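# Residue-level structural notes
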Amino acid sequence: MRLLLVEDDVMVASGMKLGLCDAGYSVDWVGSAERAEQALQSESFDAAIVDIGLPGMDGLELTRRLRSHGQAMPVLILTARDALHDRVQGLDIGADDYMVKPFELPELLARLRALLRRSQAATSAVLSFGPLEMDTAQRRIVLAGQVLEVGPREWSVLEYLLMQAPKPAAKDKLLVALTGWDKEITPNAIEVYVSRLRAKLEPAGIALRAIRGFGYRLELKAAGDVDASLPAA
């Protein structure tokens, strides 16, 4: 999942970005609403975290402009303002949630997960496909009853595949979901993560099929194709 963080305080932004990246997100940080608008014209994001008190255009005006231009991605507003009318104004102009500074990172992550689930039309924190279950709240994957360990990038690829399943996931969308401006990931790297996941999933009866010229899709294998052994947790 790729996030746009709009925050002018360098120390706050650095801490948030570190925490979000540790949680498995790809985060691009800009320090003004104007730069955020430029980024959104050329890049695709799954959600935006926007501070209200920005230099120049404030976060409320940025959110209003996003909605007026038909941008439907979730927007989580962060601010030091805790007055009721500020919260109401933020929600009324199109923000999906509102958090007052200072806040705890676990709460930010929980609210962000809820927004992303709603935006993907999911109804719970658990994504499942056959014998595979991914609990996005607990950051835990269970495959055929066994805990499955994956790296942060593998998690992001698998999460996107599960959100799209049974439909195929476009390779360019996977690339966007993993790429931050400060960490370039090549199409070849996507193939590496897919290969690692395929080796872990196939013994349990889940195939990760490549669709030539498009991307990848999760499929359930026939019962007779399931291996007796599973990849080590």
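Residue indices follow the written sequence of each chain, beginning from 1 at its first position. Local features in a predicted model are, by the rule used here, given only for residues with pLDDT of at least 70; side-chain atom pairs are given and counted only at 80 or more, and totals for whole chains, interfaces and linings are based on all residues. Water and hydrogen atoms were dropped before computing side-chain values, which therefore reflect all heavy atoms in the structure.

## A look at the sheet that holds strand β3 (residues 47-51)
- If you walk across this open sheet you meet the five strands as β2-β1-β3-β4-β5, and the pairing is parallel. Every interior strand has two partners, whereas the edge strands, β2 (26-30) and β5 (97-100), have only one. Looking at each pair of strands side by side, their axes are set apart by 20 degrees on average, direction ignored.
- Strand pairing requires that DSSP identify at least two bridges connecting the strands. Segments assigned H or I by DSSP are reported as helices when at least four residues long, segments assigned E as strands when at least two residues long, and all are numbered from the N terminus. In the sheet, strand β1 (residues 2-6) pairs with β3 via four bridges, with the strands oriented parallel. In the strand pairing of β3, Leu5 is matched with Ile49.
- Its contacts with the sheet place helix α3 (residues 59-68) against β1, β3 and β4 (75-79), and it is angled at close to 170 degrees to β4. Only C-alpha atoms enter the line fits that serve as axes; for helices the fit covers just the stretch in contact. Angles between N-to-C directions range over 0 to 180 degrees. Working rule for contacts: check all heavy atoms of both residues, and any pair within 4.5 Å makes them a contact.

## Section: the packing of aromatic side chains
- Stacked, tilted and edge-to-face pairs are distinguished by plane angle, under 30 degrees for stacked and over 60 for edge-to-face with tilted covering the rest, among Phe, Tyr and Trp rings (Trp via its six-membered ring) whose centres lie within 6.5 Å. Under the defined criterion, the tally for this structure stands at zero aromatic pairs.
- Here the guanidinium or amino end of Arg139 rests over the ring plane of Trp155, the centre of that ring lying 4.0 Å away. We call a charge positioned over a ring when the NZ of a Lys or the CZ of an Arg lies within 6 Å of the ring centre and within 35 degrees of the ring normal.

## Regarding the sheet that holds strand β11 (residues 206-211)
- What the three strands build is an open sheet, ordered β10-β12-β11; its pairing is antiparallel. In this open sheet, the two strands that pair with only one neighbour each are β10 (169-170) and β11.
- As paired strands, β10 and strand β12 (residues 215-220) are joined by two bridges and run antiparallel to one another. If you follow Ala170 over to β12, its bridge partner there is Gly215.
- Helix α8 (residues 187-201) contacts β11 and β12 of the sheet and is inclined by roughly 150 degrees relative to β11.

## Focus: the pattern of salt bridges
- Just to be clear on terms, a salt bridge is a Lys or Arg side-chain nitrogen sitting within 4 Å of an Asp or Glu carboxyl oxygen. Here the structure, examined in full by the defined rule, presents 15 salt bridges.
- Close ionic contact of Asp97 with Arg111 constitutes a salt bridge, the shortest N to O distance being 2.8 Å. Placement of the pair is Asp97 in strand β5 and Arg111 in helix α5 (residues 105-119), with a sequence separation of 14 residues.
- Working definition: with a 1.4 Å probe on protein chains only, accessible area under 20% of the residue-type maximum means buried, over 50% means exposed, and in between means partly exposed. Residue Asp97 is classed as buried on the basis of its relative accessible area, which comes to 16%.
- Residue Glu107 pairs with Arg111 through a salt bridge whose shortest N-O separation is 2.9 Å. Highlighted residues: Glu107 and Arg111, both in helix α5, separated by four residues, approximately one helical turn.
- On the basis of relative accessible area, Arg111 is assigned to the partly exposed category, the value being 27%.
- Salt bridges sharing partners connect three or more residues here, namely Glu37, Glu61, Arg64 and Arg65.

## Some words on the nonpolar core
- What we call a nonpolar core is a set of buried Ala, Val, Leu, Ile, Met, Phe, Trp, Tyr and Cys residues that are connected through their side-chain atoms within 4.5 Å. Among the nonpolar cores identified, the biggest contains 47 residues, and Tyr25, Ile49 and Leu201 are the most heavily contacted of them.
- The greatest single-element share of this core, amounting to seven residues, is contributed by helix α6 (residues 152-164).
- Ignoring any residue separated from it by four or fewer positions in sequence, one finds Leu201 in contact with Leu132, Leu143, Leu148, Leu158, Ile206, Leu208 and Leu218.
- Listed in part, the 21 residues of the second largest apolar core include Leu4, Val30, Val50 and Ile52.

## Some points on the environment of Asp22
- With respect to the helices and strands, Asp22 occurs in helix α1 (residues 10-22).
- Between the alpha carbons of Asp22 and Pro152 there is a distance of 8.1 Å; along the sequence they are 130 residues apart.

## Some words on the side chain of Glu37
- Counting through the fold element by element, Glu37 comes out in helix α2 (residues 33-42).
- Polar contacts involving the side chain of Glu37 include one to the side chain of Arg65, which spans 3.4 Å.
- When neighbours within four sequence positions are excluded, Glu37 is seen to be in contact with Met57, Leu62 and Arg65. Within 3.5 Å is the distance limit for a polar contact, defined as a pair of N or O atoms, with the added protein rule that one can donate a hydrogen and the other accept it, and that residues adjacent in sequence qualify only through two side-chain atoms.

## Let's talk about the confidence of the model for the chain
- You can read pLDDT as the predictor saying how much it trusts each residue, on a scale of 0 to 100. On average, the chain scores 85 in pLDDT, and the residues at 70 or more come to 89%.
- Taken as a whole, residues 228-233 scores under 50 in pLDDT and shows 13 contacts with residues more than four places along the chain or in a different chain.

## Observations concerning the environment of Ala33
- Topologically, Ala33 is positioned in helix α2.
- Overall, Ala33 belongs to the buried group, its relative accessible area being 0%.
- For the pair Ala33 and Ile52, spaced 19 residues apart in sequence, the C-alpha to C-alpha distance is 9.4 Å.
- When sequence neighbours within four positions are dropped, the list of residues in contact with Ala33 reads Val6, Leu54, Met57, Asp58 and Leu62.

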